[in-house]
Amino acid sequence: MIFEKPSTRTRVSFEAGMFELGGLAMFLGAEALQLSRGEPVADTARVLSRYVDGIVARVGSHETVLTLEKHASVPVINGLSDRLHPCQALADFFTLRERRGRLEGLTLTYVGDGNNVCHELMLGAAKLGVKMRVATPAGFEPDPEITASATAAARDAGGAPPELGHDALRAAEGADAIYTDVWISMGQEQEAAERRRAFAGFAVTAEMMSLARPEAVFMHCLPAHRGEEVAGEVIDGPRSIVFDQAENRLHVQKALLILLLGAGRRDEKSRPR
Ligand code: CP
Ligand code: NVA
């Protein structure tokens, strides 16, 4: 598990999950690896593939995870990049289904920054028949390539394309879930003041929640900033399922590990030795 950035949930859930499955997880802070002294990502992938059965990587640049995947002979799991956060979205859709009994036809409204978490939810929603609405300030929309991919995936699945806009209250109307994430992602600290100004009006408040369906839930990948992107009374209120989302990271990632590294899988991507 290579981590270039901090983590509570991803690190601990993968580490605990591997232990529960009878395996071993090794936490490798990138600064402790020779990567920090210039060893190429490609060589790191080749070397680690000689020792381990899978690699989890939390990286700054999405390119790094793609390079690892290209050169590793074992599965590579993206534990968050600046572009995507697949393990989070898997747990989120699992949690929504657990709560609502189904996914198809539900409306998920994402309010805030069109970031890695938003991207992954858009791609997942498109495949799962969830209608996705995204409300961001102007200039903070999701990457157009992601929007195009999600639109194509929704079309293939016979579902609705994501709806993008700048009116958070309108997007909240009649939603089954309202999701938000931080306004300042890891690596964007120098933009903090500008972002706080731009995102004013995009906080999830009790008023916004009251526009959603009566059974609507509040979701957040965590860590959260109460009083910034979400009001304390919302995240700590009865409609919040944020700690179920966090717990489900463990269960869903265990399933992912079994799928990718479980019995019989090892032979499929044979090691070069
Ligand atoms: N949601 C999430 O990925 O949390 P961590 O940054 O704590 O891993
Ligand atoms: N968008 C956030 C998610 C943290 C889990 C970030 O990248 O920092």
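The text that follows walks through the structure, step by step, so that each part is easy to find. (Residues numbered from 1 in each chain as written. Chains lettered and ligands numbered in written order. Predicted model: local features only at pLDDT ≥ 70, side-chain atom pairs only at ≥ 80, totals over all residues. Heavy atoms only, no water.)

**Observations regarding the sheet that holds strand S6 (residues 131–135)**
Pairing is parallel across the open sheet formed by five strands, whose spatial order is S7-S6-S5-S8-S9. In the strand order of this sheet, the two ends are held by strand S7 (163–165) and strand S9 (217–220), each with one partner. Strand after strand, the sheet turns through a mean of 20 degrees between neighbouring axes, direction not considered. Strands in contact with helix H11 (residues 242–261) are strand S8 (177–180) and S9; relative to S9, the strand with the most contacts, it is inclined by about 50 degrees. (Pairing = 2+ DSSP bridges. Helix = DSSP H or I, 4+ residues; strand = E, 2+ residues; numbered from the N terminus. Axes fitted to C-alpha atoms, helices over the stretch in contact; angles between N-to-C directions. Contact = heavy atoms within 4.5 Å.)

**With respect to the pattern of salt bridges**
Scanning the entire structure with this criterion turns up 15 salt bridges. Overlapping salt bridges, with partners in common, bring together Arg 100, Asp 176, Arg 213 and Glu 215 in one network. (Salt bridge = Lys/Arg side-chain N within 4 Å of Asp/Glu carboxyl O.)

**A closer look at the pairing of strand S5 (residues 107–111)**
Looking along a regular strand, one sees side chains alternate from face to face of the sheet. Within S5, five of the five residues are buried, leaving the element largely enclosed by the surrounding structure. Side-chain alternation along S5 places Thr 107, Thr 109 and Val 111 on one buried face and Leu 108 and Tyr 110 on a second face that is also buried. In terms of strand pairing, S5 meets S6 through five bridges, oriented parallel. In the sheet register, Leu 108 faces S6, and the bridge partner there is Met 132. Handedness of the β-α-β unit built from S5, helix H5 (residues 116–128) and S6 comes out right-handed. Strand direction decides the pairing type here: S5 and S8, joined by four bridges, are parallel. (Buried < 20%, exposed > 50% of the residue type's maximum accessible area, 1.4 Å probe, protein only. Right-handed = clockwise from strand over helix to strand, strands pointing away.)

**Re the site of ligand 1**
Taken together, Ser 7, Thr 8, Arg 9, Thr 10, Arg 58, His 85, Gln 88, Cys 221, Leu 222 and Arg 249 make up the full set of residues adjacent to ligand 1. Within the side chain of Thr 10, an N or O atom sits 2.7 Å from an oxygen atom of ligand 1. Here an oxygen atom of ligand 1 and a side-chain polar atom of Arg 58 are 2.8 Å apart. When ligand 1 is considered free in solution it has 250 Å² of accessible area, and contact with the protein chains removes 95% of it. (Near = heavy atom within 4 Å. Polar contact = N/O pair within 3.5 Å; in protein donor to acceptor, adjacent residues only side chain to side chain. Areas by Shrake-Rupley, 256 points an atom, 1.4 Å probe, with all protein chains shown as cover.)

**Quick word on the pairing of S6**
The element S6 is largely enclosed, with a buried count of four among its five residues. Where S6 and S7 come together, three bridges link them in parallel fashion. Residue pairing in the sheet places Ala 135 in a bridge with Gly 165 of S7.

**Comments concerning the environment of Glu 247**
For Glu 247, the location among the structural elements is in helix H11. Since its relative accessible area comes to 45%, Glu 247 is described here as partly exposed. Placed 234 residues apart in sequence, Glu 247 and Ser 13 show a C-alpha to C-alpha distance of 8.2 Å. Here the side chain of Glu 247 touches His 251 through a polar contact of 2.7 Å, side chain to side chain.

**Quick look at the packing of aromatic side chains**
Scanning all chains against the criterion turns up four aromatic pairs. An aromatic cluster is defined as three or more aromatic residues linked by ring pairs; in this entry it consists of Phe 140, Trp 183 and Phe 199. The cationic tip of Arg 11 hangs over the ring face of Phe 27; the distance from NZ or CZ to the ring centre is 3.5 Å. (Phe/Tyr/Trp six-rings, centres within 6.5 Å; stacked < 30°, edge-to-face > 60°. Lys NZ or Arg CZ within 6 Å of the ring centre and 35° of its normal.)

**Concerning unusual backbone geometry**
Here Leu 222 and Pro 223 are connected by a cis peptide whose omega angle stands at 5 degrees. With respect to the helices and strands, Pro 223 occurs in the loop between S9 and helix H10 (232–235). Positive phi is not limited to glycine here, since Leu 80 has a value of about 120 degrees. Structurally, Leu 80 can be placed in the loop between strand S4 (76–78) and helix H4 (86–100). You can call Leu 80 buried: its relative accessible area is 7%.

**Structural notes on the site of ligand 2**
The environment of ligand 2 is formed by Leu 80, Asn 115, Asn 116, Asp 181, Val 182, Ser 185, Met 186 and Leu 222. Asn 115 is positioned with one of its side-chain polar atoms (N or O) 3.4 Å from a nitrogen atom of ligand 2. Here an oxygen atom of ligand 2 sits 2.9 Å away from a polar atom, N or O, in the side chain of Asn 116. Across the complex, the protein chains shield 94% of the 270 Å² of accessible surface that ligand 2 would expose by itself. Its residues placed into classes, the shell around ligand 2 shows four nonpolar, three polar and one charged. (Nonpolar A, V, L, I, M, F, W, Y, C, P; charged D, E, K, R; others polar.)

**Some words on the nonpolar core**
Soluble globular proteins tend to bury their nonpolar side chains together. With 28 residues, the main nonpolar core has Phe 93, Leu 108, Tyr 110, Leu 121, Met 132 and Tyr 179 as its most contacted residues. Ranked by the residues each element gives to this core, the list is headed by H5, at seven residues. For Met 132, the residues in contact, after removing those within four places along its chain, are Leu 108, Tyr 110, Cys 118, Leu 121, Met 122, Ala 125, Pro 161, Pro 162 and Glu 163. Counting 27 residues, the second-largest nonpolar core is a separate cluster that includes Trp 183, Ala 192, Phe 202 and Phe 218. (Core = buried A, V, L, I, M, F, W, Y, C linked by side-chain atoms within 4.5 Å.)

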